[in-house]
Amino acid sequence: MLEYFLAVAKYGTITRASEHLHVTQPTISRQLMELEEAVGTPLLIRGKRQVTLTEAGILFQQRAVEIVSLMEKTLRDVSDQDDQLGGTVNMGCVETCVSRMLPKVLAAFSERYPKVKYELYSADGDDIRERLDRGDLDFGILLEPVETAKYDFFRLPYRETWGVLMRKDDPLAEKESIGQEDILSMPLILPRREIVQDNIAGWLGADRNQLHILVGHNLLNNAALLVEAGLGYVVCVGGSFEIRGGEALCFRPLTPERTSGHVLAWKKNRVFHSAASRFRDFVRETEATDI
């Protein structure tokens with residue numbers, strides 16, 4: 001029923017939806033009527049040439065996409081081929097030095113369990129947490145701090161140093177480190193998370209509203225382009241710049257030094273399929289010995 005609704009919403013006509021799904025138009029029409037009756041409100045506006053969504057239909061479409069996606073993920077998770085471990089491990093990862101951990105861990109785990117597949121989502125901590133909460137991701141590799149009331153986690157042996165990203169021809173690039181007196185007057189490009197902005201302000205002995213925050217961002221690539229254009233300075237961890245690179249830019253650490261650790265986190269009370277459970281244990285064991 002949801003599949004029929006999403007097809008009509010996507011293609012705009014029952015005719016095109018029926019052709020895509022290889023079912024008759026009366027079948028789709030009947031299923032849509034039963035769906036609207038069950039929901040208790042109209043979801044579609046049936047025009048002469050096109051079907052459009054009501055406001056309730058737009059909201060229902062968003063939820064239906066999530067439900068179908070979760071169902072597809074569940075079916076993949078429980079798949080088992082030839083009595084060997086299968087399924088898909090879904091993980092999110094921040095773009096820091098910990099990104100370099102993934103290739104060696106996945107290579108080693110894939111050698112042991114070749115039928116396991118992976119879906120990798122790169123984003124900032126807020127987006128990854130949101131997907132953990134929805135059940136879209138099994139794990140998130142995050143920078144600390146982590147909400148202990150919501151997530152279980154273990155720490156990974158990777159720490160990041162915070163600093164400032166700037167143009168190489170900037171006078172401040174001649175310094176070995178950047179202090180409070182330098183930053184307070186800068187036009188800043190900061191991670192969008194307010195908790196991170198508050199932490200940065202706290203390091204400087206200031207309130208967030210005392211900082212000149214020009215832009216909030218979620219990932220470094222576009223933010224670095226703003227730096228290259230001379231619009232401001234990015235406060236970030238060194239590993240984010242290291243994996244991106246950039247001939248026109250340089251990174252200088254903060255003084256006093258500020259560092260953050262990484263964790264592998266998952267939603268509390270999450271029931272894992274076999275592949276995800278073994279992957280979690282594998283990361284815990286191998287990262288403790290630094291493969």
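Everything discussed here concerns the structure shown above.
Bear in mind that the values here come from a model prediction, so they are computed numbers and not experimental data.

K.L.:
Whenever I open this one, the overall build of the protein confuses me. Can you help?
P.N.:
Summing up its helical and strand segments, the protein has 11 helices and 11 strands in all. Across its three principal directions, the C-alpha atoms of the protein cover 75 × 50 × 35 Å. In the protein, buried positions account for 44% of the 291 residues. Considering only residue pairs separated by 6 or more positions, the protein has 70% of its internal contacts joining residues 24 or more positions apart. Summed over its atoms, the accessible surface of the protein is roughly 15,500 Å², and 49% of this surface lies on carbon and sulfur atoms.

K.L.:
Got a minute to help me understand the packing of aromatic side chains in this structure?
P.N.:
Aromatic rings considered in pairs are described by the distance between their centres and by the relative angle of their planes. On inspection of all chains with the given rule, the structure shows 11 aromatic pairs. Three or more aromatic residues joined by ring pairs form one cluster here, namely Phe109, Tyr113, Tyr118, Phe139, Phe154, Trp266, Phe272, Phe279 and Phe282. A cation sits over an aromatic face here: Arg131 above Tyr121, 3.8 Å from the ring centre.

K.L.:
Would you mind going over helix H6 (residues 125–134) with me for this structure?
P.N.:
Restricting attention to buried positions, one finds in H6 the residues Gly125, Asp127, Ile128, Arg129 and Leu132. Along its buried surface, H6 packs onto strand E3 (88–93), strand E4 (117–122), strand E5 (139–143), strand E6 (151–167) and strand E11 (259–267). Following H6 by one or two positions, Gly135 adopts a phi angle in the positive range, close to 90 degrees.

K.L.:
Help me understand the environment of Lys48, please; the structure alone is not making it clear to me.
P.N.:
Looking at where Lys48 falls in the secondary structure, it is placed in the loop between strand E1 (44–46) and strand E2 (51–53). In this structure, the C-alpha to C-alpha distance between Lys48 and Thr13, residues 35 residues apart in sequence, is 9.6 Å.

K.L.:
What am I meant to see in unusual backbone geometry here?
P.N.:
Most peptide bonds adopt trans geometry, and most residues besides glycine take a negative phi value. Between Glu144 and Pro145 the backbone carries a cis peptide bond, its omega angle lying at 10 degrees. If you trace the backbone, Pro145 turns up in the loop between E5 and E6. Looking along the chain, the bond that leaves Thr255 and enters Pro256 is cis, with omega of 0 degrees. Mapped onto the fold, Pro256 is located in the loop between strand E10 (249–253) and E11. Backbone geometry at His22 places phi at a positive 60 degrees, although glycine is not the residue there. What makes His22 exposed here is its relative accessible area of 72%. Positive phi outside glycine occurs at Asn269, with the angle close to 65 degrees. With respect to the secondary-structure elements, Asn269 resides in the loop between E11 and helix H11 (274–289).

K.L.:
In this structure, what is going on with the packing of helix H1 (residues 2–11) against helix H3 (residues 25–39)? I would like to understand it.
P.N.:
Helices that pack against each other are described as a pair by the angle of their axes relative to one another and the distance between those axes. The geometry of H1 relative to H3 is characterised by a closest axis approach of 9 Å and an angle of 105 degrees between their N-to-C directions. When the axis of H1 is compared with that of H3, the two are roughly perpendicular. Here Tyr4, Phe5 and Val8 of H1 come into contact with H3, specifically with Thr27, Ile28, Gln31, Leu32 and Leu35. Looking at the contact of H1 with H3 residue by residue, the class counts come to 6 nonpolar, 2 polar and no charged.

Reading the values: rules and limits
Residues numbered from 1 in each chain as written. Predicted model: local features only at pLDDT ≥ 70, side-chain atom pairs only at ≥ 80, totals over all residues. Heavy atoms only, no water. Helix = DSSP H or I, 4+ residues; strand = E, 2+ residues; numbered from the N terminus. Buried < 20%, exposed > 50% of the residue type's maximum accessible area, 1.4 Å probe, protein only. Contact = heavy atoms within 4.5 Å. Areas by Shrake-Rupley, 256 points an atom, 1.4 Å probe, with all protein chains shown as cover. Phe/Tyr/Trp six-rings, centres within 6.5 Å; stacked < 30°, edge-to-face > 60°. Lys NZ or Arg CZ within 6 Å of the ring centre and 35° of its normal. Axes fitted to C-alpha atoms, helices over the stretch in contact; angles between N-to-C directions. Parallel < 35°, antiparallel > 145°, perpendicular 65-115°, else oblique. Nonpolar A, V, L, I, M, F, W, Y, C, P; charged D, E, K, R; others polar.

It is worth stressing that arrangement in space is one thing and function is another; only the former is reported here.
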